[in-house]
Amino acid sequence: MTSTDTEKQQLTAVPSPPPPAEFSYSGQYAVNPLAEVSFRKMCGQIPKVLHRIARLSWQTDRRAVRLLIGCQALTGLSAAVLLTATARAMKPILGTDAVAERLRDALPALLLVAVAAALARAAGATATYAERRITPRLTTETDTALVEAVCRVEAAAYSEPGFADRQEAAEMGVLRTQVMVTDAQRLMSALIRMITAGGVLSVLNPAMLPLLLLAVLPAGIGAVLAARVDYEIHYANVSDRNVRGMMRWWSTTPKYGDEVRANGMTDYLLFWYRSLSERCDRRTLAAAPRTLRIALLSSLAGGVFLVLTWAVLAWLAVTGRIGIAIAATAVLAVQTMLTSLSQVVVNGAAVFHTSLYLGDMQAFLDAAAERAPKRGKRAVTGPVDEIRLDEVVYQYPGKKTPAVAGVSLTLRRGQILAIVGTNGSGKSTLTRLLTGINLPDKGKVTWNGADLAEVDPATVWRHTGLVPQIFAQWPLRVRENVTLGQPRTVDDGPVWEAVDAVGMREAVEELPDRLDTLLARELFGGAELSGGQWQRLACSRALYRRPSLLILDEPTSQMDPRGEHGIFERIKAIAGDRITVVVTHRLENTRIADHIVVMEHGRITEQGRYEDLVHAGGTFAELLELSQDR
Ligand SMILES: Nc1ncnc2c1ncn2[C@@H]1O[C@H](COP(=O)(O)OP(=O)(O)OP(=O)(O)O)[C@@H](O)[C@H]1O
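Residues numbered from 1 in each chain as written. Predicted model: local features only at pLDDT ≥ 70, side-chain atom pairs only at ≥ 80, totals over all residues. Heavy atoms only, no water.

**Side note on the nonpolar core**
Here is step 1: Of all hydrophobic cores here, the largest spans 61 residues; its most connected members are I134, L201 and M337.
Here is step 2: Among the elements of the structure, α2 (39–60), α3 (62–93), α4 (99–152), α5 (163–204), α6 (208–252), α8 (266–318) and α9 (324–370) are those that each provide at least two residues to this core.
Here is step 3: Here this core gets 18 residues from one element, more than from any other, and that element is α9.
Here is step 4: If sequence neighbours within four positions are ignored, I134 has contacts with S57, T60, D61, A64, V65, L68 and V181.
Here is step 5: A538, L587, L613 and L624 belong to the second-largest nonpolar core, a separate cluster that totals 46 residues. (Core = buried A, V, L, I, M, F, W, Y, C linked by side-chain atoms within 4.5 Å. Buried < 20%, exposed > 50% of the residue type's maximum accessible area, 1.4 Å probe, protein only. Helix = DSSP H or I, 4+ residues; strand = E, 2+ residues; numbered from the N terminus. Contact = heavy atoms within 4.5 Å.)

Structure follows, in structure tokens:
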């Protein structure tokens, strides 16, 4: 083989991608609620969840619930009338008189049968209407409650192991709300029809009822056991589904399309996506034999008892123990019982299934409520004259060392503070502590003397404006991208002012609908901005707020020199009214600062003014020299 051949082979031989890492939904919160639960306890969940669905529905639409209850009562009544009227009609029909006479005698009962059947249908249709009035609003309520719970937790919860998996598990509860009222309503009406038919049947012959129950009970047990298997698979797949959901978004959103294509990631991403799906499928398929065994055994047991039921009925009729008319009604009652029992079983299992997912959802909502800020009722009122950090320490959950390890600092109104330091030295974490996004584990942060641990965070964030390193590109109109979080005015004057402040007027005026242009190229009529323009817009959002504390974390990393110069000029011009914090790796930009702190391993290792630090021979001077050494 020539060296050229080897080179060619090396170029064409692309190694196959590694399989995606296997995550498992584990840890102190990941307790499969079914692992230790007995069958009786599982069935015991059904009344509880019915009660819960009723309560939620009642809170959503009382009129619709009343209508539903009325329909259920009508269903029971019409089933009873139908069966008794049928029994009454059977006697003359099976009699020995002339046909015309038999029909005439049976006519009143037959009319009653027709009216009862019509009523039953009407009750069914109205119940569906009532259920459709409840379900969309109930789903919206539950869905919004989940989104709100996630938005409102303390930011530290996001770093907790398993938080995202628990959220994914809770999402299933939201999905189930779309079917839970239907399932509950069908279960209740089937139960009512079953009880009515059972009552009629036990009057006709008491021996039939237990036999029929035995015929359907195995199917009930089978359905609940199958639901349990389904839940176990769902539970085992939570983490993979979560990762797959993220991969799906990252792979398909046009925002990252360039990176995916130009780096040849498509095949790898598709491979990973497919691998995750196949891993979920494998778990599902591995459980299929168990489901089959459950279905076969329950059908076999049910079938045996059903044959027995029909045999007993035939024996009663053949031996003359019951009349032919009664036997015919019994056939109808058995059929009604069987149909409604099957519906009870199917819908009961569905309600049981729902109870499991609702349980996950409720557990997550409870956990989120526990993690909601409980910092006290004190309020920060502007203007903010002083922010102090006193020996502040913060360690992220699951981390071995603190990200901020004992920082003391005083910031005063009118001052510009620059924070510099190597990657991972704790700069962004320090800004999170300054704004009260995270509370320190030790030490305290005070605003005008008030400890942030005792202050309602909403009153703090009313006075802050933050341009984070990674900022959102909101799929909203230009105007909302500027005013989001604080729609202070109804006229556009202040919006244009903020747009001007970041030098974006020309770019916005060129957009098809100026401030009304939707910034989402994925959507019809949407437009897209360049990276630097997005960053200017993020800065304009913070400036529009006119905050007491303005924090800019690498605010100009994507901007051209003109844009960068403009932003820093603006920061200087408005600095008198506020406390300004700039985090940057471009050390030249720290010239505007009144005070610079250099961070290393979560501590402040140097501080002073630009001119002092340049000549101090420390990290700042070293980093500056390196940035100029090209
Ligand atoms: N949400 C988080 N959860 C867990 N650890 C985190 C989180 N955010 C940051 N860290 C860790 O905290 C440490 C400090 O991170 P931080 O983002 O504050 O550094 P930084 O100085 O801003 O870095 P850079 O210059 O790269 O932006 C790092 O070790 C990082 O891995």
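**Considering the site of the ligand**
Here is step 1: Within the structure, the ligand sits among 15 residues, and G424, K427, S428, T429 and Q469 are positioned closest to it.
Here is step 2: In this structure, an oxygen atom belonging to the ligand sits 2.8 Å away from a main-chain N or O atom of G424.
Here is step 3: Between the ligand and S425 there is a distance of 3.1 Å, counted from an oxygen atom to a backbone nitrogen or oxygen.
Here is step 4: Within the complex, 68% of the 630 Å² of free accessible area of the ligand lies under protein.
Here is step 5: By residue class, the composition of the shell around the ligand is 2 nonpolar, 10 polar and 3 charged. (Near = heavy atom within 4 Å. Polar contact = N/O pair within 3.5 Å; in protein donor to acceptor, adjacent residues only side chain to side chain. Areas by Shrake-Rupley, 256 points an atom, 1.4 Å probe, with all protein chains shown as cover. Nonpolar A, V, L, I, M, F, W, Y, C, P; charged D, E, K, R; others polar.)

**Re the packing of α5 against α9**
Here is step 1: Running from N to C, α5 and α9 point in directions that differ by 160°, and their axes come no closer than 4 Å. With respect to each other, α5 and α9 are oriented roughly antiparallel. Where α5 crosses over α9, the two elements pack in a sense that is left-handed.
Here is step 2: Taken together, the residues that form the contact of α5 with α9 break down as 29 nonpolar, 12 polar and 6 charged. (Axes fitted to C-alpha atoms, helices over the stretch in contact; angles between N-to-C directions. Parallel < 35°, antiparallel > 145°, perpendicular 65-115°, else oblique. Left-handed = near helix turned anticlockwise from the far one by under 90°.)

**What about the layout of surface pockets?**
Here is step 1: Each pocket or cavity is described by its volume, and for the second largest pocket that value is around 530 Å³.
Here is step 2: If you trace the second largest pocket, you find 23 residues lining it, with T75, A120, G124, S189 and R193 closest to the centre.
Here is step 3: Counting only elements with at least two residues in the lining of the second largest pocket, the list comes to α3, α4, α5 and α9.
Here is step 4: With 9 residues, α4 is the largest single contributor of residues to the lining of the second largest pocket.
Here is step 5: A class-by-class count of the residues in the lining of the second largest pocket yields 7 nonpolar, 12 polar and 4 charged. (1 Å grid on protein atoms, 1.4 Å probe; cavity = no way out; pocket = protein on both sides within 12 Å on 5 of 7 lines; lining within 4 Å. Points joined across faces, edges and corners; volume = space filled by probe spheres on them.)

**Things to note about helix α13 (residues 493–501)**
Side chains three or four residues apart in an α-helix point the same way, a direct result of the helix having 3.6 residues per turn.
Here is step 1: Among all positions of α13, only P494, V495, W496, A498, V499 and A501 are buried.
Here is step 2: Close packing links the buried residues of α13 with α12 (478–483), α14 (505–510), α15 (531–544) and α16 (561–574).

**Here's the deal with the packing of aromatic side chains**
Here is step 1: Within the structure shown, the criterion is met by 9 aromatic pairs.
Here is step 2: Judged by centre distance (5.9 Å) and plane angle (85°), the rings of W249 and W250 are edge-to-face.
Here is step 3: By relative accessible area, W249 is classed as partly exposed at 47%.
Here is step 4: Judged by centre distance (4.9 Å) and plane angle (15°), the rings of W250 and Y256 are stacked. (Phe/Tyr/Trp six-rings, centres within 6.5 Å; stacked < 30°, edge-to-face > 60°.)

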